[in-house]
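# Inside the fold
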Amino acid sequence: MQLFSIFGDPVSHSRSPLMHNSVFKNLDYNACYTRTHLLDGSKLKETFFSLGLNGANVTVPHKEAAFNACDEVRGFAKTVGVVNTLVNENGKLIGYNTDADGFMYAIEEFNNINNILILGAGGTAKALAARFKQDNINVSILNRSEKRLPYFKDLGCTCFTWNDFKLTTYDLVVNTTSAGLKDEDLPAPKELIEPILKHTSYVADAIYGKLTPFLQLAKAKNITYKDGADMLLGQGVLANELFVNAELNKIDIKKYMARSFSL
Ligand code: NDP
């Protein structure tokens, strides 16, 4: 039997085991997907191999550590330096990023997206910003602190911290911070978030499984929003395809993965 897992801290909230196991079970694929609470990202590679895994997903806060742990990184992950999917290929750790394309899938129904504000500057923000830039979308970043901004400046994004933010109009504002995941925090002070929400058509949050304080505010203002569930589904389908080495049909993977959301 093949074995897969998700690494994160926290990880107990993750729906990935349900999603992938739903595919394996319904398509009679001999595999099992577990979760692993990993505190120290530098222990990722040794933990992966000591558990005898065939593949894994990586979530907050270890995606950059996962990039560094890989023997080889392929595709879009190389552009962004962020890995969310690991595959054991003959004892070598191969890294991929399926988050960005998963998010593009999630926002397909939002029209005319030319200006995006990303809240946060972590691994998810990097992947999304680089992916949006590929489509020539204008990207602004608003982060709590300065230290992660140079990557985004080099990418051609307009960058702000909470101290120097200048409001303009956006088509979409995306929360990629972990504010609201374990707590009831907004991704930035309310005096910044309120006017931002008055100047955007759509709102999205990478967090799924709960209506974050950020989405609660958007909902109260009647702004069209979506949480991270579709992004999760998109990245999961692409990761599962890599895990099974394209042995399963993508449409079937999506069908059974989506079904797990109603469990
Ligand atoms: P990282 O740890 O790489 O980055 C976290 C970012 O959030 C940093 O910019 C950090 O700012 C900021 N931040 C953390 N806490 C706060 C706070 N209390 N207030 C304001 N800003 C804060 O995380 P990831 O990019 O890996 O993940 C971010 C979120 O996205 C997580 O909640 C994760 O669960 C979710 N996610 C969902 C996916 C899905 O499929 N739906 C896929 C990927 C991620 P600073 O630089 O100042 O420290």
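This section reports on the structure supplied with the text. (Residues numbered from 1 in each chain as written. Predicted model: local features only at pLDDT ≥ 70, side-chain atom pairs only at ≥ 80, totals over all residues. Heavy atoms only, no water.)

### A word on the overall build of the protein chain
Counting its secondary structure elements, the protein chain contains 11 helices and 12 strands. At 18 Å, the protein chain has a C-alpha radius of gyration in line with the 18 Å of a compact globule built from 263 residues. Counting only C-alpha atoms and orienting by the principal axes, one finds that the protein chain spans roughly 55 × 35 × 35 Å. Classification of the 263 residues of the protein chain by burial places 53% in the buried group. Intrachain contacts of the protein chain at a sequence separation of at least 6 include 63% that bridge at least 24 residues. Total accessible area on the protein chain is roughly 11900 Å²; 46% of this is exposed by carbon and sulfur atoms. Here the protein chain contributes 28 positively and 28 negatively charged side chains, and the mean placements of these two sets differ by 2 Å. (Helix = DSSP H or I, 4+ residues; strand = E, 2+ residues; numbered from the N terminus. Rg over C-alpha atoms; globule rule 2.2 N^0.38 Å. Buried < 20%, exposed > 50% of the residue type's maximum accessible area, 1.4 Å probe, protein only. Contact = heavy atoms within 4.5 Å. Areas by Shrake-Rupley, 256 points an atom, 1.4 Å probe, with all protein chains shown as cover. Lys, Arg positive; Asp, Glu negative; His and termini not counted. Charge placed at Lys NZ, Arg CZ, Asp CG, Glu CD.)

### So, the pattern of salt bridges
Going through the model one piece at a time under the given rule, you end up with 15 salt bridges. As a salt-bridge pair, Glu64 and Lys126 come within 3.1 Å of each other at their nearest N and O atoms. Taken together, the positions of Glu64 in helix α3 (residues 63-69) and Lys126 in helix α6 (residues 123-134) put the pair 62 residues apart, joining distant regions of the chain. A residue is classified by how much of its surface remains accessible, and Glu64, at 26% relative accessible area, is partly exposed. What makes Lys126 buried here is its relative accessible area of 15%. The shortest N-O distance in the salt bridge between Glu194 and Lys190 comes to 3.9 Å. Of the two residues, Glu194 and Lys190 are both situated in helix α8 (residues 190-198); the distance of four residues between them amounts to about one turn of the helix. Relative accessible area serves as the criterion here: at 22%, Glu194 is assigned to the partly exposed category. One salt-bridge network, held together by shared partners, links Glu72, Arg74 and Glu89. (Salt bridge = Lys/Arg side-chain N within 4 Å of Asp/Glu carboxyl O.)

### Observations regarding the packing of aromatic side chains
In this structure the tally under the stated criterion is nine aromatic pairs. Consider the rings of Phe48 and Phe49, whose centres lie 5.1 Å apart with planes at 75°: the pair is edge-to-face. Judged by relative accessible area, which is 0%, Phe48 ranks as buried. Residue classification places Phe49 among the partly exposed positions, given a relative accessible area of 31%. Three or more aromatic residues joined by ring pairs form one cluster here, namely Phe4, Phe24, Tyr29, Tyr33 and Phe243. Stacked on the ring of Phe261, the Lys or Arg Arg15 has its end atom at 5.7 Å from the ring centre. Directly above the aromatic system of Tyr151 lies the positively charged group of Lys126, at a separation of 4.9 Å from the ring centroid. (Phe/Tyr/Trp six-rings, centres within 6.5 Å; stacked < 30°, edge-to-face > 60°. Lys NZ or Arg CZ within 6 Å of the ring centre and 35° of its normal.)

### Here's the deal with the layout of surface pockets
Volume-wise, the largest pocket comes out at about 1000 Å³. Looking at the lining of the largest pocket, the elements with two or more residues in it are β3 (55-58), α3, α6 and α10 (229-243). Among the elements that make up the lining of the largest pocket, the one with the highest residue count is α10 (three residues). Looking at the lining of the largest pocket residue by residue, the classes come out as 15 nonpolar, 19 polar and eight charged. (1 Å grid on protein atoms, 1.4 Å probe; cavity = no way out; pocket = protein on both sides within 12 Å on 5 of 7 lines; lining within 4 Å. Points joined across faces, edges and corners; volume = space filled by probe spheres on them. Nonpolar A, V, L, I, M, F, W, Y, C, P; charged D, E, K, R; others polar.)

### Overview of the sheet that holds strand β10 (residues 170-175)
Reading across the sheet, the six strands line up as β9-β8-β7-β10-β11-β12 and stay open at both edges, with parallel pairing between neighbours. A strand with exactly one partner marks an edge of an open sheet, and here the two such strands are β9 (158-161) and β12 (224-226). In this sheet, neighbouring strand axes are inclined to one another by 20° on average, regardless of whether the strands run parallel or antiparallel. Across five bridges, β10 lies against strand β11 (residues 200-205) in parallel orientation. From the neighbouring strand, Tyr170 faces β11, where its bridge partner is Thr200. (Pairing = 2+ DSSP bridges. Axes fitted to C-alpha atoms, helices over the stretch in contact; angles between N-to-C directions.)

### Topic: helix α1 (residues 16-26)
Owing to its 3.6 residues per turn, the α-helix aligns residues three or four sequence positions apart on the same side. Listed as buried for α1 are Ser16, Pro17, Met19, His20, Ser22, Val23 and Phe24. Packing partners of the buried residues in α1 comprise β1 (2-8), β2 (31-37), β3, α10 and α11 (250-260). Positioned one or two residues after α1, Asp28 has a phi angle of 55°, which is positive.

### Some thoughts on the sheet that holds β3
Sheet architecture is open: six strands sit in the order β2-β1-β3-β5-β6-β4, paired in mixed fashion. Strands with a single pairing partner mark the edges of an open sheet, and in this sheet they are β2 and β4 (72-73). With three bridges connecting them, β3 and strand β5 (residues 85-89) associate as antiparallel partners. Within β5, the position partnered with Ala56 by the bridge is Leu86. Packing against the sheet, α1 makes contact with β1, β2 and β3, and its axis sits at approximately 170° to β2.

Coordinates in, geometry out; function isn't part of it.
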